[in-house]
Amino acid sequence: MTRPEDLPRDGPALQGEELHRRLSVTWGRAPGLWGWLTTVDHKEVARRYLITALAFFSFGGVLALMMRVQLATPESGLIDPDRYNQIFSMHGTTMMFLFAVPVMEAMAIYLVPLMVGTRAIAFPRLNAFSYWLYLAGGVMIWIAFILNVGPEAGWFTYVPLAGPEYSPGKRTDFWAQMVTFTEVAALAVAVELVATIVKQRAPGMSLDRMPLFVWSILVTALMVIFSMPAVALASGMLISDRLVATHFFNAAEGGSALLWQHLFWFFGHPEVYIIFLPGLGFVSQITETFCRRRVFAYPAMVAALLLTGLLAFGLWVHHMFATGLPRLGYAFYTAASMAIALPSGVQIFCWIATMWESRPRLEVPMLYVIGFIVTFVIGGITGVMVASVPLDLELHDTYFVVAHFHYTLIGGAVFPLLGALTYWFPKMTGRMMGKRMGLTGFALVFLGFHLTFMPMHFVGMMGMPRRVYTYPASMGWEGLNRLSTVGAFVLAIGLLVFAGNLALSLRRGRLAGPNPWNAASLEWAPASPPPPYNFAHIPVVGGHTPLWDDHGRLTYMSGLRVDDRELLLTTAIDATPDLREPSPTPTIWPLLAALATTGLFIWSIFDPWAVVWGSIPVAITLTLWFWPKSREPATEPVIE
Amino acid sequence: MRRLMPLLALAASGCAGVQSMTGGAGLGSRQFNTLMLAFLIVTGLAYLFVLLFLGGAFVRRRRENVGNFMRPLLIGWTAFILVGIALLTLLSFLDDRQSALAGTGQPPLKIEITANQWWWQVTYQDPMASRTLITANELHLPVGRPVEITLKASDVIHSFWVPGLAGKQDLIPGRTNHIRLLPRRIGLLRGQCAEFCGMQHAHMALDVIVEPPARFAAWYAAQLRPASRPATALAQAGQAWFLSHQCVTCHSIAGTTAGGRTGPDLTHVASRRTIAAGTLPMNPGSLAGWIANPQGPKPGNHMPTIAMSGAELSAVVAYLGSLE
């Protein structure tokens, strides 16, 4: 008779406390600082990503307030043009590269393994590595900015303005290397997420039963994989132009200034969808839970996500309508850009149809969903307008466009994110967020947002261009600008209330239990917060809403090792059990490899030879990270 | 509908200023207004539907099965979006073709504009070299005559944009772009660089004066003349100082030895409405302020501060102020 302590796998004889104890030993990490530095738990890494991204969000927000104060009065002398140009460049750079993409990655890293019912993310060490690189890149560019070497050529760094001749010094080099940092991090995360989603879904979770959030992350991750190489290429060429005097973008030597724009926007436009597709995923999950029914027309929703992902790669030229490319070719990009209205419109319809056919509970996350619909549709409408060549030639590079993309990005991504943080906060912390502060925060954020950005449509149509550090008094723009400034402060107060609610609820929030909203997806099955191993037994899924089916009783399978980190791999389409796969243990090497890589990247800003000499420590740390394990896993027969 | 549009635009933008895209002084801006109205109608209907549908979902009391109307409604909504965007795409395309053909019947006025950090060089082209005219930061156009502008950049990318006339077109180093304008109404307009071009992107404006053909011809003839000789002793002293200092390495004054080409042509500088590309109004006070400290009102621009005494400054101001 084998005692439970000796059983190598979970099963009828190994359950409950004993199983929890043994899994905690296997999947836990060392206590203290060492454990903190070496952890590869996706939930811990995600929490770091999330806190860091929210910190950068607040930094970027402070920059926005500084710009709004400057623009509240004409010919304001508050901020000099050089500083202002750095501020708006850093605002865009921070929000796009250091907040929006990483915060969505953070949510995905946390939620996807739980939602698909697995114990860990694929390539957890790469995950840890990606976080350290992202942190290093963000800290580097912010230190550079504070030392007055922040980028001043915009977040889009058009050449030749960002080239060696018109942007001397190291400012643009720091920007380009920041892109390198974040793109390595984003690519790593995208690969992990695709692998997790495709190969680690719980048995029975076939593709057509996947939660819509997981679908949105799958599409997003694939878009990252296809679009990031374009900006990697572009920023690599820019660095070469600046550092070793290549002439990729130098028209006088046969290069092309437009090449940069093509490459940048081939990445830059999908980037926008990389930011808001996860937002759409949040909206689907929240709508499902608070309407207590599946989202209407699931196949149409999935098709819409896929179509958005595909179309995203066919409309980068709508950022370049004024550059004088062949005029007839523009028609294609107009049609493709407007076509985005189709999948977006279908999704909006399906969410409202879900609400129509149910009795939606008006909790705070649901309010953010309503705010999202009301706001995002306006951004979509102005998006249809700027897709039209004759309209865009007037509207392009004015405050109308500033209004447009803040409606899509704040309305389409930040509102759902705030809803999602409220919604999943109990899962991440075990406590509920305060409802009264949540309502106050929502009201201020919603009103402040519209007060800030609605007037920008009009001031743009009155001829105010973007990226100006000031404007003359005679233009009649100051009234609307002042309104925007007031709105920006209301919005900021709303976000502070939200942040205060986060901080207070962390200590004092009501205890949540595993499934406080009575939601249907798998992440609500384990305790809140989930144990390091996520699931005591791997769940088996028989439908779209596993926690609602069969009166909330979830079916489990057993047979994974408890004394070794082991995952169940399933087939890509049907999710039938396929393989058992070991999962890596905590280690310091991802951190050391990230430090070595950081050294290489920063050194190479000052000396091209860094690429040669700096790769030696990188190679050493990577080699030790990937050193093959000598221990053979114990062989023993498995009964599936 | 065409009558309704200016009202609508006025309501939308508060007031139509010299730089408003709804101003409608040129063909492009008028087409913008009409097309924008079509877009507002189609997308406004869509938004109205979304709001009603959303509101209804929360107001509705009876929750029993409402029958199977959701699926046909989704199909109808999809069809509406498809037809709507097809219509708007078609309208945009036709509008674009129409503006490309605008005024092709008559010989256009040919102008070349070169953008620099942070000013505009304007060259009126003419087959006769003696009738080629170079000026800066100000564009005079005869009403009703098509204009074909060749766009070039000497340093970084800029964008030529006079919202009241038409949409924008970039000026890109190493490339040549073109834009056609058709001014339809007499008046004063303002354009501004629309592509971020560095430190003083905010101060790179262009005054545009649309005038009757006769007044345009008179202006053209006056601009073709070399600079007038300074009449007063003070202005003569100013000229002497100007011609003997570094001013001439950047600026040209036709009829004198000043032949620099990296800064704006000053032959008739006093006839312009503003200095420093729309930064300051043209008057002796701001001229003096500008010359004494160019980095004050427009920090980062490429005009250096040149040491001079107060007497020299007033002489130079008197001279430049005489160049009408």
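Residues numbered from 1 in each chain as written. Chains lettered and ligands numbered in written order. Predicted model: local features only at pLDDT ≥ 70, side-chain atom pairs only at ≥ 80, totals over all residues. Heavy atoms only, no water.

(A) The arrangement of the overall build of chain A in detail. A tally of regular secondary structure across chain A gives 19 helices and 4 strands. Rg of the C-alpha trace for chain A: 25 Å, near the compact-globule value of 26 Å for 640 residues, within the 12% margin. Its C-alpha atoms give chain A principal-axis dimensions of roughly 90 × 60 × 50 Å. Out of the 640 residues belonging to chain A, those deemed buried represent 65%. (Helix = DSSP H or I, 4+ residues; strand = E, 2+ residues; numbered from the N terminus. Rg over C-alpha atoms; globule rule 2.2 N^0.38 Å. Buried < 20%, exposed > 50% of the residue type's maximum accessible area, 1.4 Å probe, protein only.)

(B) Representation of the overall build of chain B within the structure. A count of helical and extended segments in chain B gives 7 helices and 12 strands. Taking 20 Å as the expected radius of gyration for a compact globule of 324 residues, we find that chain B reaches 26 Å, considerably beyond that expectation. Expressed along its principal axes, the backbone C-alpha trace of chain B runs to roughly 95 × 45 × 35 Å. Sorting the 324 residues of chain B into buried and exposed places 52% on the buried side. Within the structure as shown, chain B displays about 13,800 Å² of accessible surface, and the carbon and sulfur contribution to it stands at 64%. Once the 26 positive and 15 negative side-chain charges of chain B are each reduced to a mean point, those two points are 10 Å apart. (Areas by Shrake-Rupley, 256 points an atom, 1.4 Å probe, with all protein chains shown as cover. Lys, Arg positive; Asp, Glu negative; His and termini not counted. Charge placed at Lys NZ, Arg CZ, Asp CG, Glu CD.)

(C) How the structure looks around the environment of Asp155 of chain B. Relative to the helices and strands, Asp155 of chain B is located in the loop between strand S5 (147–153) and strand S6 (158–160). Each C-alpha atom of the pair Asp155 of chain B and Leu171 of chain B lies 9.7 Å from the other, and the pair is 16 residues apart in sequence. Ignoring any residue separated from it by four or fewer positions in sequence, one finds Asp155 of chain B in contact with Pro160 and Tyr166 of chain A together with Ala115, Asn116, Gln117 and Pro173 of chain B. Here Gln117 of chain B takes part through its backbone nitrogen, which lies 2.7 Å from a polar atom of the side chain of Asp155 of chain B. (Contact = heavy atoms within 4.5 Å. Polar contact = N/O pair within 3.5 Å; in protein donor to acceptor, adjacent residues only side chain to side chain.)

(D) Geometry of the interface of chain B and chain A. Chain B puts 77 residues into the contact, and the matching count from chain A is 82 residues. Taken together, the links from chain B to chain A amount to 2 salt bridges. For Glu195 of chain B, the salt bridge goes to Arg467 of chain A, with nearest N and O atoms at 3.8 Å. Taken together, chain B and chain A are joined by 17 residue pairs in polar contact (both at pLDDT 80 or more). Sorting the residues of the side of chain B that touches chain A by element identifies helix H1 (4–13), helix H2 (27–59), helix H3 (70–100), strand S7 (169–171) and strand S9 (187–192) of chain B as the ones contributing at least two each. Classifying every residue of the side of chain B that touches chain A by side-chain character gives 43 nonpolar, 21 polar and 13 charged. (Salt bridge = Lys/Arg side-chain N within 4 Å of Asp/Glu carboxyl O. Nonpolar A, V, L, I, M, F, W, Y, C, P; charged D, E, K, R; others polar.)

(E) Representation of H3 of chain B. Compared with an ideal rise of 1.5 Å per residue, which puts 31 residues at 45 Å, H3 of chain B spans 45 Å between its outermost C-alpha atoms and is within 8% of the ideal. Taken together, the buried positions of H3 of chain B are occupied by Met70, Leu74, Trp77, Ile81, Gly84, Ile85, Leu88, Thr89, Ser92, Asp95 and Asp96 of chain B. If you follow the buried residues of H3 of chain B, they end up packed against helix H10 (330–339), helix H11 (341–356), helix H12 (364–387) and helix H13 (389–395) of chain A together with H2 of chain B. (Expected span 1.5 Å × (residues − 1).)

(F) Geometry of the confidence of the model for chain A. Residues of chain A with pLDDT of at least 70 account for 97%, and the chain-wide mean is 94. Across chain A, the element-wise mean pLDDT spans from 90 in strand S2 (residues 555–557) of chain A up to 98 in helix H3 (residues 42–71) of chain A. (pLDDT = per-residue confidence, 0-100.)

(G) Spatial organisation of the domain arrangement of chain B. Residues and elements named next belong to chain B. Domain parsing of chain B yields domain 1 (19–101), domain 2 (109–224) and domain 3 (233–321). The distance between the C-alpha centroids of domain 2 and domain 3 comes to 22 Å. Between domain 2 and domain 3 the total buried area reaches about 1,700 Å² when both faces are included, carbon and sulfur atoms providing 51% of it. When the area that domain 2 buries against domain 3 is broken down by residue, the three leading residues are Trp118, Trp119 and His203, summing to 26%. Counting the contacts that link domain 2 with domain 3 gives 0 salt bridges. (Domains from an automatic or database assignment. Buried area = accessible area lost by both parts, 1.4 Å probe.)

(H) Spotlight on unusual backbone geometry. All names here are of chain A. Cis rather than trans, the peptide bond between Val159 and Pro160 has omega equal to 0 degrees. By the secondary structure assignment, Pro160 is in the loop between helix H5 (124–146) and helix H6 (171–199). Here the phi dihedral of Asp397 falls at roughly 60 degrees; this positive angle occurs in a residue that is not glycine. You can see Asp397 is positioned in the loop between H13 and helix H14 (399–429).

(I) Geometry of the pattern of salt bridges. Under the counting rule described, the total for this entry stands at 21 salt bridges over all chains. Among the salt bridges present, the one from Asp96 of chain B reaches Arg97 of chain B, with a minimum N-O distance of 3.5 Å. On the basis of relative accessibility, which here comes to 5%, the residue Asp96 of chain B falls in the buried class. A relative accessible area of 25% places Arg97 of chain B in the partly exposed class. Shared partners join several salt bridges into a network, and the residues in it are Asp397, Arg466 and Arg467 of chain A together with Glu195 of chain B.

(J) Seen up close, the pairing of strand S3 (residues 566–570) of chain A. All names here are of chain A. In terms of burial, S3 is largely enclosed, as 5 of its 5 residues are buried. Residues Glu566, Leu568 and Thr570 of S3 are buried on one face, and the alternating residues Leu567 and Leu569, pointing to the opposite face, are buried as well. Here 5 bridges tie S3 to strand S4 (residues 577–582), and the two strands are oriented antiparallel to one another. When the bridges of S4 are listed, Glu566 appears paired with Pro582. The loop that links S3 with its antiparallel partner S4 comprises 6 residues; one of these, Ala575, has a positive phi angle of about 55 degrees. (Pairing = 2+ DSSP bridges.)

(K) View of the domain arrangement of chain A. Residues and elements named next belong to chain A. Domain assignment breaks chain A into domain 1 (41–582) and domain 2 (587–626). With 17 residues of domain 1 at the interface, the matching set in domain 2 holds 14 residues. Each partner contributes to the roughly 1,500 Å² buried at the junction of domain 1 and domain 2, and carbon and sulfur atoms together form 81% of this total. Between the two partners, domain 1 and domain 2, sit 0 salt bridges. Taken together, the connections running from domain 1 to domain 2 amount to 4 residue pairs in polar contact (both at pLDDT 80 or more). Of all the elements, H5 adds the most residues to the side of domain 1 that touches domain 2, at 8 residues. Residue composition of the side of domain 1 that touches domain 2, grouped by class: 12 nonpolar, 2 polar and 3 charged.

(L) Structural view of the sheet that holds S5 of chain B. Residues and elements named next belong to chain B. Spatially, S3-S2-S1-S5-S8 is the arrangement adopted by the 5 strands of the open sheet, whose pairing is mixed. In this open sheet, the two strands that pair with only one neighbour each are strand S3 (133–136) and strand S8 (177–181). Each adjacent strand pair in this sheet contributes to an overall mean axis angle of 25 degrees, direction not counted. (Axes fitted to C-alpha atoms, helices over the stretch in contact; angles between N-to-C directions.)

(M) Highlighting the packing of aromatic side chains. The full count for this structure, using the stated rule, is 69 aromatic pairs over all chains. Seen from their ring centres, Tyr131 of chain A and Trp132 of chain A are 5.3 Å apart, and the 65 degrees between their planes marks the pair as edge-to-face. Trp132 of chain A carries the same exposure label as Tyr131 of chain A, and that label is buried. Members of the aromatic cluster, each reached through a chain of ring pairs, are Trp36, Tyr49, Phe56, Phe59, Tyr131, Trp132, Tyr134, Trp142 and Phe145 of chain A. Here the basic side chain of Arg292 of chain A rests over the ring of Trp548 of chain A, its NZ or CZ set 4.7 Å away from the ring centre. Over the ring of Trp161 of chain B we find Lys168 of chain B; its NZ or CZ atom is 4.2 Å from the centre of that ring. (Phe/Tyr/Trp six-rings, centres within 6.5 Å; stacked < 30°, edge-to-face > 60°. Lys NZ or Arg CZ within 6 Å of the ring centre and 35° of its normal.)

(N) Quick peek at the sheet that holds strand S4 (residues 138–142) of chain B. All names here are of chain B. In space, the 3 strands of this open sheet follow the order S4-S10-S9, with mixed pairing throughout. With one partner strand each, in any of the chains shown, S4 and S9 form the two edges of the open sheet. Each adjacent strand pair in this sheet contributes to an overall mean axis angle of 25 degrees, direction not counted. Together, S4 and strand S10 (205–211) form the strand contacts of helix H4 (residues 213–224), whose direction differs from that of S4 by roughly 135 degrees.

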